[in-house]
Amino acid sequence: MTALLKALKISDGDEVIVQAFTCVAVAEGVMALGAKPVYVDIEAFGYNICVDDLKRKITKKTRAIVVQHTFGIPAAMKAIISIAESAHLFVIEDCCHTIGSSQDGRVVGSWGIGSFYSFEWGKPLAAGLGGVATVNTEDMKRRLDKQLIEYKRPPKIKSVKIQIQYIAHQMLYRPRLYWVIRDIYKTLGKFGVAEGNYHSIQKSVVSEEFSWRMLPSVEMRAVSKLKNIRHIEDYARKVSKIYRDEILNKNVTHPVISIDCNPVFARYPLRVRNKEDVLKMARKENVELADWYSSPVHPLSKGDLIKVGYVFQSCRQAEERCKEVVTLPTHQKTKKKDIIRAIKFINSL
Ligand SMILES: *Cc1c(COP(=O)(O)O)cnc(C)c1O
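The structure displayed is predicted, hence computed values, not measured ones.

1. Things to note about the overall build of the chain
The secondary structure content of the chain amounts to 13 helices and 13 strands. Here the C-alpha atoms of the chain give a radius of gyration of 19 Å, agreeing with the 20 Å that 2.2 N^0.38 yields for 349 residues. If one aligns the C-alpha atoms of the chain with their principal axes, the spans along those axes are about 50 × 45 × 40 Å. Residues classed as buried in the chain amount to 52% of the 349 residues present. For the chain, the proportion of contacts with a sequence separation of at least 24, taken over those separated by at least 6, is 69%. Element-wise, carbon and sulfur atoms account for 58% of the exposed surface of the chain, whose accessible area totals about 17,300 Å². One way to put it: in the chain the 55 positive side-chain charges average out to a point 4 Å from where the 37 negative ones average out.

Next up, the structure:
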């Protein structure tokens, strides 16, 4: 994302609109250029940017809008593009949760001037740490190609760690072990052993990681998995359809999908009444249930939000959703028995 914003010559003093109910990597990516992230609230009862609040947050300093297709649900692209055009703003799409979702038959990532995708574990195409940007103009391609020449290879030790982590995750992970692996990962992260996707927010200097190349091993895996993306997405479609059809509990709320959208869910979101208790029960029963996002700029705590320029209580819907949302897996390691257990668990709430 930072590479795209840099290619658009966004820098000190510029404002970039992002949605609240996002991950810290997005805020950090804006701040890395000296620009200011401006948070727009999400739709009432939804997960994507609210068009009305977006209009309100545009100022003379606004240069770009980062549009997130949260959980794979396409944002209201037609309205957003029209607002951006009349205000002369660039649109960049955050496709970290989806590759194949579409709106009006048009795939996400094709609406804005550029898009970005993440290959981190937990994303639809997991290949290790890293990601890609795609662009929709020749001029942007030239600018990004120029930037890439200056990118460096990450230090050997990082490469080895990322590689080991990916392989360990591939071998060990399955929905039943979600909570155990999550705990191990957190502990290793605390001791600086595991490589996470962010940690520079406390520092005032821009992390050099922004100019690292993708590891060749990650690139190879990503390219090979991309060939198989239809399969990955068909599976996610199938699993989320089962969740939609078979979760009938009146105490939980399914996502509302606009009729012109055809989403591929990275994870299937549900709104529940007592999230903390539900998560505790899921842990006890070994049901994979993720809590993100649980902060408007995940995973920052209330005290840390200010460091990324988020004012507490400024985006009410986003903060509400953080207290309600839990998500179910849709990836290929979610087997039939995991799906059945998850449905049984949710229906029993
Ligand atoms: C994971 C994620 C990112 C960041 O991707 P990294 O490769 O981890 O930096 C950005 N936006 C969203 C919505 C994400 O889920």
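This is not the end of the story, as more comes after the structure.
2. So, the site of the ligand
The local shell around the ligand holds 13 residues, among which Asp94, His97, Ser118, Glu120 and Lys123 are the closest. Here Ser118 contributes a side-chain N or O atom positioned 2.7 Å from an oxygen atom of the ligand. When isolated, the ligand has an accessible area of 380 Å², and the protein chains bury 85% of it. Within the shell around the ligand, the residues separate by chemical class into five nonpolar, five polar and three charged.

3. A look at the sheet that holds strand 6 (residues 102–103)
Strand order in this open sheet of three strands is 7-6-10, and the pairing throughout is antiparallel. Each having just a single partner strand, strand 7 (106–107) and strand 10 (261–262) make up the two edges of the open sheet.

4. Points about the environment of Arg221
Mapped onto the fold, Arg221 is located in helix 8 (residues 216–226). Considered as a pair, Arg221 and Ile42 are 179 residues apart in the sequence and their alpha carbons are 34 Å apart. Here Arg221 is in contact with Ala127, Gln163 and Tyr166, once residues within four sequence places are set aside. Engagement of the side chain of Arg221 in a polar contact is seen with the backbone oxygen of Ala127, the distance being 3.0 Å.

5. Some words on the packing of helix 6 (residues 156–172) against helix 8
Interaxial distance between helix 6 and helix 8 falls to 10 Å at its minimum, and their mutual angle equals 40°. Classed by the angle they form, the pair helix 6 and helix 8 counts as oblique. Residues Ile162, Gln163, Tyr166 and Gln170 of helix 6 pack against Ser217, Val218, Arg221 and Lys225 of helix 8. Class assignment for the residues of the contact of helix 6 with helix 8 results in three nonpolar, three polar and two charged.

6. Concerning the packing of helix 9 (residues 229–246) against helix 13 (residues 336–347)
Where helix 9 meets helix 13, the closest approach of the two axes is 10 Å, and the angle between their N-to-C directions is 30°. Here helix 9 is positioned roughly parallel relative to helix 13, judged by the angle of their axes. As for the relative orientation of helix 9 and helix 13, their crossing is right-handed in sense. Residues Val239, Ile242, Tyr243 and Glu246 of helix 9 form the contact with helix 13, whose own contacting residues are Ile339, Ala342, Ile343 and Asn347. For the contact of helix 9 with helix 13, the class distribution of residues is six nonpolar, one polar and one charged.

7. A closer look at the pairing of strand 11 (residues 267–271)
Burial analysis of strand 11 places five of its five residues in the buried class, the great majority of the element. Here strand 11 shows two buried faces, one formed by Arg267, Pro269 and Arg271 and the other by Tyr268 and Leu270.

8. With respect to unusual backbone geometry
In the segment running from Trp292 into Tyr293, the intervening peptide bond is cis, with an omega of 0°. If you trace the backbone, Tyr293 turns up in the loop between helix 10 (275–284) and strand 12 (297–298). Residue Pro299 follows His298 across a cis peptide bond; omega there is 0°. Within the secondary structure layout, Pro299 lies in the loop between strand 12 and helix 11 (302–305). Phi angles above zero are rare outside glycine, and Phe21 is one such case at about 70°. Relative to the assigned elements, Phe21 resides in the loop between strand 1 (15–19) and strand 2 (22–23). Of the residues examined, Phe21 reaches a relative accessible area of 0% and is grouped as buried. Positive phi outside glycine occurs at Phe45, with the angle close to 65°.

9. Quick look at helix 12 (residues 316–324)
The complete set of buried residues in helix 12 reads Ala318, Glu319, Arg321, Cys322 and Glu324. Buried residues belonging to helix 12 abut strand 11, helix 10 and strand 13 (325–329).

Cut-offs applied
- Residues numbered from 1 in each chain as written.
- Predicted model: local features only at pLDDT ≥ 70, side-chain atom pairs only at ≥ 80, totals over all residues.
- Heavy atoms only, no water.
- Helix = DSSP H or I, 4+ residues; strand = E, 2+ residues; numbered from the N terminus.
- Rg over C-alpha atoms; globule rule 2.2 N^0.38 Å.
- Buried < 20%, exposed > 50% of the residue type's maximum accessible area, 1.4 Å probe, protein only.
- Contact = heavy atoms within 4.5 Å.
- Areas by Shrake-Rupley, 256 points an atom, 1.4 Å probe, with all protein chains shown as cover.
- Lys, Arg positive; Asp, Glu negative; His and termini not counted.
- Charge placed at Lys NZ, Arg CZ, Asp CG, Glu CD.
- Near = heavy atom within 4 Å.
- Polar contact = N/O pair within 3.5 Å; in protein donor to acceptor, adjacent residues only side chain to side chain.
- Nonpolar A, V, L, I, M, F, W, Y, C, P; charged D, E, K, R; others polar.
- Pairing = 2+ DSSP bridges.
- Axes fitted to C-alpha atoms, helices over the stretch in contact; angles between N-to-C directions.
- Parallel < 35°, antiparallel > 145°, perpendicular 65-115°, else oblique.
- Left-handed = near helix turned anticlockwise from the far one by under 90°.

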